[in-house]
Amino acid sequence: MPAIVLVGAQWGDEGKGKATDLLGDQVQFVVRYQGGNNAGHTVVIGDEKYALHQLPSGVLSRHCVPVIGNGVVIDLAALLEEIDEIEARGVRCDKLLVSANAHLIMPYHRALDKVSERFLGKAKIGTTGRGIGPTYGDKVARVGIRVQDLFDPGILQQKLELTLRDKNQLLTKVYNRRGIEAKRVAQEFTGYAERLRPYVADTGLVIGQALDAGANVLLEGAQGTLLDVDHGTYPFVTSSNPTAGGACVGAGIGPTRISKVIGIIKAYTTRVGSGPFPTELTDATGEWLRAAGGEFGVTTGRARRTGWFDAVIARYATRVNGITDLFVTKLDVLSSLDKIPVCVAYEVDGKRHDDIPMTQTEFHHARPVYDYLDGWAEDISGAKALEDLPAAAQAYVRTLEEISGARVSAIGVGPRRDQTIEVNPLL
Ligand code: GDP
Ligand code: IMO
Ligand code: MG
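Predicted model only: the values in this text are computed from it and were never measured.

Engineer: Explain the overall build of the protein to me, using residue names and the numbers behind them.
Structural biologist: Counting its secondary structure elements, the protein contains twelve helices and 20 strands. Relative to the compact-globule value of 22 Å for 427 residues, the protein shows a C-alpha radius of gyration of 22 Å, a close match. Burial status across the protein gives 57% buried among its 427 residues. Expressed as a percentage of contacts within the protein between residues at least 6 apart in sequence, the contacts between residues at least 24 apart total 76%. Working note: accessible area of the protein is about 17400 Å², and carbon and sulfur atoms make up 51% of it.

Engineer: Break down the sheet that holds strand E7 (residues 97–99) for me, with residues and values.
Structural biologist: One open sheet holds the ten strands; their spatial order is E9-E7-E5-E2-E10-E1-E11-E15-E19-E20, and the pairing between them is mixed. Two strands close off the open sheet at either side, each with one partner strand: strand E9 (200–201) and strand E20 (420–422). Pairing of strand E5 (residues 65–68) with E7 involves two bridges; the strand directions are parallel. Bridge pairing in E7 links Ile68 to Val98. Across the face of the sheet, helix H8 (residues 244–251) comes into contact with strand E1 (3–8), strand E2 (29–32), strand E10 (217–220) and strand E11 (258–266) while running at roughly 125° to E1.

Engineer: Explain the packing of aromatic side chains to me, and be specific about the residues and the numbers.
Structural biologist: This model, assessed by the stated rule, comprises six aromatic pairs. When the centroid spacing of 5.3 Å and the interplanar angle of 50° are considered together, the rings of Trp11 and Phe277 count as tilted. Here the residue Trp11 occupies a position in the loop between E1 and helix H1 (16–23), and Phe277 occupies one in the loop between strand E12 (269–271) and helix H9 (284–293), the gap between them amounting to 266 residues. With relative accessibility at 2%, the residue Trp11 sits in the buried group.

Engineer: Tell me about the pairing of E2, and name the residues and values.
Structural biologist: Going residue by residue along E2, you find Phe29 and Val31 tucked away on one face and Val30 and Arg32 tucked away on the opposite face as well. Here E2 runs beside E5; their pairing, made up of four bridges, is parallel. Along E5, the bridge assignment pairs Arg32 with Ile68. Here four bridges tie E2 to E10, and the two strands are oriented parallel to one another. Bridge pairing in E10 places Phe29 opposite Val217.

Engineer: Describe the coordination of the magnesium ion (ligand 3), naming the residues involved and giving the relevant values.
Structural biologist: Taken together, the protein donors to the magnesium ion (ligand 3) comprise Asp13 (OD) and Gly40 (O), at separations of 2.1 to 2.2 Å. In this pair, Asp13 is assigned in the loop between E1 and H1 and Gly40 in the loop between E2 and strand E3 (41–45), connecting sequence segments 27 residues apart.

Engineer: Can you explain the pattern of salt bridges? Please cite residues and give values.
Structural biologist: With the rule as written, the count across this model stands at 21 salt bridges. Here Arg304 makes a salt bridge to Asp13, at a shortest N to O gap of 3.0 Å. A residue pair is termed long-range when its members are at least 10 positions apart, and Arg304 in the loop between H9 and strand E13 (305–307) and Asp13 in the loop between E1 and H1 qualify at 291 residues. Residue class for Arg304 comes out buried when judged on its relative accessible area of 5%. For Asp13, a relative accessible area of 22% translates into the label partly exposed. Note that Arg416 is salt-bridged to Asp418, the shortest N-O span being 3.0 Å. A cluster of three or more residues bridged by salt bridges with shared partners is formed by Asp13, Lys266, Glu295, Arg304 and Lys330.

About the criteria used
Residues numbered from 1 in each chain as written. Chains lettered and ligands numbered in written order. Predicted model: local features only at pLDDT ≥ 70, side-chain atom pairs only at ≥ 80, totals over all residues. Heavy atoms only, no water. Helix = DSSP H or I, 4+ residues; strand = E, 2+ residues; numbered from the N terminus. Rg over C-alpha atoms; globule rule 2.2 N^0.38 Å. Buried < 20%, exposed > 50% of the residue type's maximum accessible area, 1.4 Å probe, protein only. Contact = heavy atoms within 4.5 Å. Areas by Shrake-Rupley, 256 points an atom, 1.4 Å probe, with all protein chains shown as cover. Pairing = 2+ DSSP bridges. Axes fitted to C-alpha atoms, helices over the stretch in contact; angles between N-to-C directions. Phe/Tyr/Trp six-rings, centres within 6.5 Å; stacked < 30°, edge-to-face > 60°. Donors = N, O, S within 2.8 Å, 3.2 Å for Na, K, Ca; no water. Salt bridge = Lys/Arg side-chain N within 4 Å of Asp/Glu carboxyl O.

The following block contains the structure:
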């Protein structure tokens, strides 16, 4: 079985953690390929709830090897803490593999993320403040620090001195912050080296060999399509490529290895942070949706912005990711509505758009064109098969399928593993 990509089809928080965990027992590897601890993936198993930030959601499946790929940026102190916390709950992390090529989030990245947001004022992106943008910036500028640098203290110190030369000018002279001493950072990070060493591997090689041997490899995306630095609502995006193409780069495998792309999509829409959101509800209905869906960030605790399902975005996600199967989550949240609006197109300056407009300015002006579908009153959280759903809920799913351009293979009716209707086999 080749590699399968699991990707967020909206602005993140679609339920990727739950979907990944669900497939954990059927795959031998789960690989995170981008992002860092800006992610917050929730997995609910029975009465136990786990919030994963850097650990791939496969960590909860005993026979699965969780891998942090080269495309991820790692906050080491936070990762080691996450490992300690989850091991204290009886989940073993001894199989974890961490790419030697993954970049490290350094203290100055976190500091720069926070001050640059403050300086942007009203134009701020609303980042998670975890140092993600500055770390990817340094990666591209070729002044980043990688996992493997931890094992060569001389090189680590040298690289830190070089990069801190201009970082400290920025921090002290532009942002009026305290400078950071290379020696002190080098000491702190070499201190982590021994704890990390058992996990460090040439992960691209391991994954390639596993695929050759016939293993099932699941590539777990963080964030979502509209937060992609190339394909999202730039500049209100994250600094990596969550889209399926990014899975090849961030895991170190070729595109011919991928046989399936599962798009995770909520039955409505949410977004955290700034940026355009055509179907956003800023009224009492939006508040109701936030409360009904428990839409508060797993990483920052921020209230998520809420809105109706947006088929323009769904079609776009299907196209840019090559989605073969959709996993519609949180259908249960919509129970009790009389009519459910679904955005089928946009109107921009009097003109109908069936696709995302070409420019940012037009997207900011996009107004949703709604179809109104019938709602249902029944509690569907115990449904096990499509036929268990009320006719209106079935019709809602079928409509989503038609207007999104990919078949719906699974439906989430609650946060637990077992609250999933599998319409087609996901693997
Ligand atoms: P992720 O970042 O994509 O993994 O998603 P988050 O974990 O940030 O947010 C999804 C939230 O929805 C979590 O609280 C999940 O437990 C919950 N969830 C996932 N699927 C379902 C579902 O089908 N129904 C309900 N009610 N909750 C769900
Ligand atoms: P998961 O994996 C939702 C958003 C932030 C901000 C923008 C940039 O749980 O779906 P960053 O800190 O990445 O530079 O912030 O991206 N963002 C997320 N929104 N879910 C996430 O992750 C997110 N990770 C980042 O809110 O708007
Ligand atoms: Mg999340």
